[in-house]
Amino acid sequence: EVQLLESGGGLVQPGGSLRLSCAASGFTFSTYDMSWVRQAPGKGLEWVSAIGGSGGRNTYHADSVKGRFTVSRDNSRNTLYLQMNNLRADDTAVYYCAKDRGSGWYNFDYWGQGTLVTVSS
Amino acid sequence: DIQMTQSPSSLSASVGDRVTITCRAGQTISHYLNWYQQKPGKAPKVLIYAASNLQSGVPSRFSGSGSGTDFTLTISSLQPEDFATYYCQQSYSTPATFGQGTKVEIK
């Protein structure tokens, strides 16, 4: 059974940093591209970042987070990360990790339960 | 970025109704279109991928159609558990983009 378990969310002041983790199990993690998608309170879904499978050489970020967020992965630990720096109030959201189904980018077949990031003073 | 526009933004329907949600892409995206269902406090769940393919385990009352710029999600007979918000999403190009969502409420 595929499972994705996010952690690392919490309350942080504007300008602060957080690192989110997503522990994966139930599939060959290194084979699949992975993404982070966020949802601000009461709002819709916004793709944030993506990383390729084996080696993770390919990474992509939304313009809204480019230069502040960095996606990475440790295939030996079956874990996806999102390093978030210089956080702003509009980064407040539930952050989901999502697994690609393997037929090109951004075709998400499994999602984690999400972790809440609140940026506030 | 490819803009995805859903209509309607919300709808009220009764159990047993046929429900149709449309999604329009700002440029052609071939069949690179996914549909998700989200219930309050829960993660999204994929219903349809590649415009018309039913995700394993999803009831057959859900179906998707379309290609190019215009797509449709149809629920043939609405069930109580189908009251939720539905999102379309294009996977044609980076950045992936979602529609604004369609909330299906009980009439």
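These numbers were taken from a predicted model, which means no experiment stands behind them.

Chemist: So what exactly am I meant to see when it comes to the overall build of chain B here?
Modeler: Across its full length, chain B carries zero helices and 11 strands. Its helices and strands in sequence order give chain B the pattern β-β-β-β-β-β-β-β-β-β-β, from N to C terminus. Expressed along its principal axes, the backbone C-alpha trace of chain B runs to roughly 35 × 25 × 25 Å. A total accessible area of about 4900 Å² is found for chain B, and carbon and sulfur atoms account for 45% of it. Once the 8 positive and 6 negative side-chain charges of chain B are each reduced to a mean point, those two points are 5 Å apart.

Chemist: How should I be thinking about the environment of B:Asn34 in this particular structure?
Modeler: In this fold, B:Asn34 is placed in strand S4 (residues 33–38). Each residue touching B:Asn34, except ones within four places of it in the same chain, is listed here: A:Tyr106, A:Asn107, B:Ile48, B:Tyr49, B:Ala50, B:Tyr87, B:Cys88, B:Gln89 and B:Ser91. In terms of polar contacts, B:Asn34 uses its side chain to reach the side chain of A:Asn107, at 3.0 Å. A polar atom in the side chain of B:Asn34 sits 3.3 Å from the backbone nitrogen of B:Ala50.

Chemist: Before we go on, may I ask you to explain the state of the cysteines in this structure?
Modeler: Here, disulfide denotes a covalent bond that connects the sulfur atoms of two cysteines. For the structure on display, the rule yields two disulfides over all chains. Two residues, A:Cys22 and A:Cys97, share a disulfide whose sulfurs are 2.0 Å apart. On the sign convention where negative is left-handed, the bridge of A:Cys22 and A:Cys97, at about 50 degrees about the S-S bond, is right-handed. With A:Cys22 in strand S3 (residues 18–25) and A:Cys97 in strand S9 (residues 93–100), this pair connects stretches of sequence that are 75 residues apart. Judged by its relative accessible area of 0%, A:Cys22 falls in the buried class. At a sulfur-sulfur separation of 2.1 Å, the disulfide partner of B:Cys23 is B:Cys88. Note on the B:Cys23 and B:Cys88 pair: the S-S dihedral is about 70 degrees, so by sign convention the disulfide is right-handed. Taken together, the residues B:Cys23 in strand S3 (residues 19–25) and B:Cys88 in strand S9 (residues 85–90) connect sequence positions 65 residues apart.

Chemist: How should the layout of surface pockets be read in this particular structure?
Modeler: Using a probe with the size of a water molecule, rolled over the atoms, empty space left in the structure can be pinpointed. Here the largest pocket defines a volume of roughly 390 Å³. In this structure, the largest pocket is lined by 21 residues; those nearest its centre are A:Gln39, B:Gln38, B:Pro40, B:Thr85 and B:Tyr87. Among the elements that make up the lining of the largest pocket, the one with the highest residue count is strand S11 (residues 102–106) of chain B (three residues). When the residues that make up the lining of the largest pocket are grouped by side-chain class, the tally is nine nonpolar, seven polar and five charged. The wall of the second largest pocket is formed by 14 residues, among which A:Glu46, B:Asp1, B:Pro95, B:Ala96 and B:Thr97 lie closest to the centre. Put simply, the parts of the chain that give the lining of the second largest pocket at least two residues each are strand S5 (45–51) of chain A together with strand S10 (97–98) of chain B. Here the lining of the second largest pocket gets three residues from one element, more than from any other, and that element is S5(A). A class-by-class count of the residues in the lining of the second largest pocket yields six nonpolar, four polar and four charged.

Chemist: How do you make sense of the interface of chain A and chain B when you look at a structure like this?
Modeler: Think of interface size as the accessible area that goes away when the parts come together; that is how it is often given. Of the residues lining the interface, 17 residues belong to chain A; the matching set on chain B comes to 17 residues. Between chain A and chain B we count zero salt bridges in total. Run the count over chain A and chain B and you get 11 residue pairs in polar contact (both at pLDDT 80 or more). Elements with a minimum of two residues in the side of chain A that touches chain B: strand S4 (34–39), S5 and strand S10 (108–111) of chain A. Of the residues assigned to the side of chain A that touches chain B, the class counts are nine nonpolar, four polar and four charged.

The rules behind each value
- Residues numbered from 1 in each chain as written.
- Chains lettered and ligands numbered in written order.
- Predicted model: local features only at pLDDT ≥ 70, side-chain atom pairs only at ≥ 80, totals over all residues.
- Heavy atoms only, no water.
- Helix = DSSP H or I, 4+ residues; strand = E, 2+ residues; numbered from the N terminus.
- Areas by Shrake-Rupley, 256 points an atom, 1.4 Å probe, with all protein chains shown as cover.
- Lys, Arg positive; Asp, Glu negative; His and termini not counted.
- Charge placed at Lys NZ, Arg CZ, Asp CG, Glu CD.
- Contact = heavy atoms within 4.5 Å.
- Polar contact = N/O pair within 3.5 Å; in protein donor to acceptor, adjacent residues only side chain to side chain.
- Disulfide = S-S within 2.5 Å.
- Buried < 20%, exposed > 50% of the residue type's maximum accessible area, 1.4 Å probe, protein only.
- 1 Å grid on protein atoms, 1.4 Å probe; cavity = no way out; pocket = protein on both sides within 12 Å on 5 of 7 lines; lining within 4 Å.
- Points joined across faces, edges and corners; volume = space filled by probe spheres on them.
- Nonpolar A, V, L, I, M, F, W, Y, C, P; charged D, E, K, R; others polar.
- Salt bridge = Lys/Arg side-chain N within 4 Å of Asp/Glu carboxyl O.

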